[in-house]
Amino acid sequence: KEKKEKKEKKEKKDDEDKEKKDKKEKTEDDDKDKKIEKKEKKRLEVGGGFSLWDSTVSDVATTNFAAPKAPQDKRHKEQEKEKQMAKDGPVKMVAADIINETLRKKADEKKAAKAAEEKVQAEVNKKQKRANEQQAETNESCQIMDKSGLGNFMDKSEVMAIMKDTVAEASTASGSRCQISTRTVIGDKVFIDKNGTFASLGDFSTARGFVFIRGNRAEPGYKLTLSRPSTLYVILSQMKGDDPYLGSWDILDETEMTTPDFEAGGVPDVAEVRRKVFKTLESRQVSIPKPPPGLDMVLLFVVPDFHADKFEGEEEEDGEEEHELSAGAYLKNKSGRVPSWEAFSEAVNAVLRAAAGHGESAGALAGAFKERAAQKITREDSKEPRPFKNLITDRDGTVNNYCDRYSSSVQSAYNAAWLSHFARHCTENAVFVTAAPLGGRPSAEGLMELCVAPRGEFTYTGSKGREYFDLITQRVLEAADLPQEQRELVDELHRRILALCSKPGNMKFLGIGSGLQKKFGEVTMARNDPACSVSEPESRRFMAAVRRVKEELDPDGTMLDLHDTGTDMELFPRAVAGASQSF
């Protein structure tokens, strides 16, 4: 019985195990069928149709080989490394990376500290250099060796005399007059028409014998006449183009000379210095052309050869002129040159002695004037000699106040009364000589319309004395000859500038300063007035427009010249070959 029960239990257990096994197999078969069904359904949803490739795939899992990888790029590894470092932080950096990073930071810090130290030292050196320059300027010392060879400096007065007698004439390439500065110091202007100043002159100081030629920023380039052998230095800013400039000049090494520094005014930094020596009389006429576009600054310094004589023939000419102009003979001088200071002083003293009434006291002379005035004795009626034979004077800024607008600078009544009284009782001849247009004709406004003194008291001349009003014929006469082609050129220039002023934005220039003036052999056009009523950019714009009108009439630049005074533009014909100088 026990055996029978054991057998039944075993059979029952076997049946249960078999049932469990069958159930498990059935579950696996169901799962497998579901996977196949799901896969087939997904295939139909994606592409649909029959897949020959799927039909060949075995249900048995196979080992697949890895796909080929992209080429390795070290930069990608570095980028991934940086990303990982940013994500994980410096904790996960390896020891070598930490050491390299630390060394790199220390090197950068050392480099920055050295750069800061060099900057501070450069600033200290700059201040020291400037202090030394200022001390030299204060002491007015000159560092020019004499020719004895003993190491002695030349006397300051001798040095300055040579420097003043080095450049006879200087102008810009456009013809505007330049300033010849034989004593240039810190704080002096770099250009006539700009506000930039010298913060330092470096090795180009007066103490070293350098003469600075100050021109207009808007008119680069120079024309010089040298009186003695000299060396010229041209300081240039950075060239923005590739056009050659002064190719025959020597280029100085950066360490050879210390260049000037500048303050304010937008003066560009120095990029290059060129040098050339002029030794002979044939080379005394120096021309430094207008630079190509892209070169913003051209500065000129001249240092004479202090041990060389003046160019041959220079001394004799000056000596003859000095002799001719001595003792007041400058009144008869026809050379057009300014008399020497000694001759001028002598002439002035002679006039002052005459003004004293030939030995009469000042009170007696005043009494004589008062008596003649009371008796209404005119210059023509009186038989007595006048204290002055000739009174020759300018008007504006001399016997009449300046005015911001020339057209409204009418002579005041009291001014006319006093001047007329003096001219009537003290002079034989009274003459006004001005650069303004004379006027005195229909549709021509000038000096005669602005003066209110009685006609006949003064002889009026305009256009720098080239035209005058004749009191006998009561007509405007010309004192100089102007060729017909130049006369027509001036007329056409005036017509075109007048048309330019009629355009929008330009009309205001007719009402400021000198306005538009047509003179004998010249046209003057204002671009500003003494009060600077027009902004500098607007003034520059209008000047550029006037220059274009000039260039349209004279593309080659051989017939017309332009001189910019800072407020006025003076346009006039150039001299014809073989003729006298242009106006």
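Read on for a plain summary of the structure. As the structure is a computational prediction, the values presented were derived from the model and not from experiment.

### What about the overall build of the protein?
Helix and strand content of the protein: twelve helices and 20 strands. Taken across its 583 residues, the protein has 35% of its residues classed as buried. Taking all contacts inside the protein whose residues are at least 6 apart in sequence as the whole, residues at least 24 apart take part in 67%. As presented, the protein carries roughly 37400 Å² of accessible surface, and 53% of it is formed by carbon and sulfur atoms.

### Observations concerning helix α5 (residues 156-164)
Restricting attention to buried positions, one finds in α5 the residues V159, M160, I162 and M163. All buried residues of α5 project into a common sector of 160° when viewed along the axis, lining one side. Facing away from the buried side of α5 by over 90 degrees, the exposed positions are S157 and K164. Packing partners of the buried residues in α5 comprise β4 (211-214) and β11 (298-304).

### Concerning the nonpolar core
When a protein is soluble and globular, its nonpolar side chains tend to lie buried together. The biggest cluster of nonpolar side chains holds 48 residues, and the ones touching the most others in it are I213, L224, L232 and I288. Contributions of two or more residues to this core are made by α5, β1 (167-172), β4, β5 (222-226), β6 (230-236), β9 (272-278), β10 (285-288) and β11. Sorting elements by how many residues they give to this core places β11 first, with six residues. Once you skip the residues sitting within four places of it in the chain, I213 turns out to touch V167, A170, C178, Q179, I180, Y222, L224, L300 and V302. In terms of nonpolar packing, the next biggest core, distinct from the first, is built from 23 residues, V490, L493, V523 and L562 among them.

### Here's the deal with the side chain of R395
Take R395: it is sitting in the loop between β12 (388-393) and α9 (413-426). R395 gets classed as buried once you look at its relative accessible area, which sits at 1%. One polar contact links the side chain of R395 to the main-chain carbonyl oxygen of S409, over a distance of 2.6 Å. A distance of 3.5 Å separates a polar side-chain atom of R395 from the backbone oxygen of L450. Beyond its immediate chain neighbours, meaning those up to four positions away, R395 contacts N400, S409, Q411, F432, T434, L447, L450 and C451.

Cut-offs applied
- Numbering of residues starts from 1 in every chain and runs along the sequence as written.
- Selection of residues for local features in this predicted model requires a pLDDT of at least 70, selection of side-chain atom pairs for listing and counting requires 80 or more, and totals for whole chains, interfaces and linings are taken over all residues.
- Excluding hydrogens and water, the side-chain values take into account all heavy atoms of the structure.
- Strands are runs of DSSP state E lasting at least 2 residues, helices are runs of H or I lasting at least 4, and numbering of each runs from the N terminus.
- For the exposure calls, accessible area comes from a 1.4 Å probe over protein chains only, and a residue counts as buried if that area is under 20% of its type's maximum, exposed if over 50%, partly exposed in between.
- Contacts are assigned to residue pairs that have any heavy atoms within 4.5 Å of one another.
- Note on areas: these come from Shrake-Rupley sampling with a 1.4 Å probe, and a residue is covered only by the protein chains present in the view.
- The directions from the helix axis to the C-beta atoms form the arc being described.
- For the purposes of this section, nonpolar cores are sets of buried Ala, Val, Leu, Ile, Met, Phe, Trp, Tyr and Cys residues that join through side-chain atoms within 4.5 Å.
- Side-chain atoms alone can form a polar contact between residues adjacent in sequence; in general such a contact is a pair of N or O atoms within 3.5 Å, and within protein one must be able to donate a hydrogen while the other accepts it.

By themselves, these are just geometric observations and shouldn't be taken as functional.
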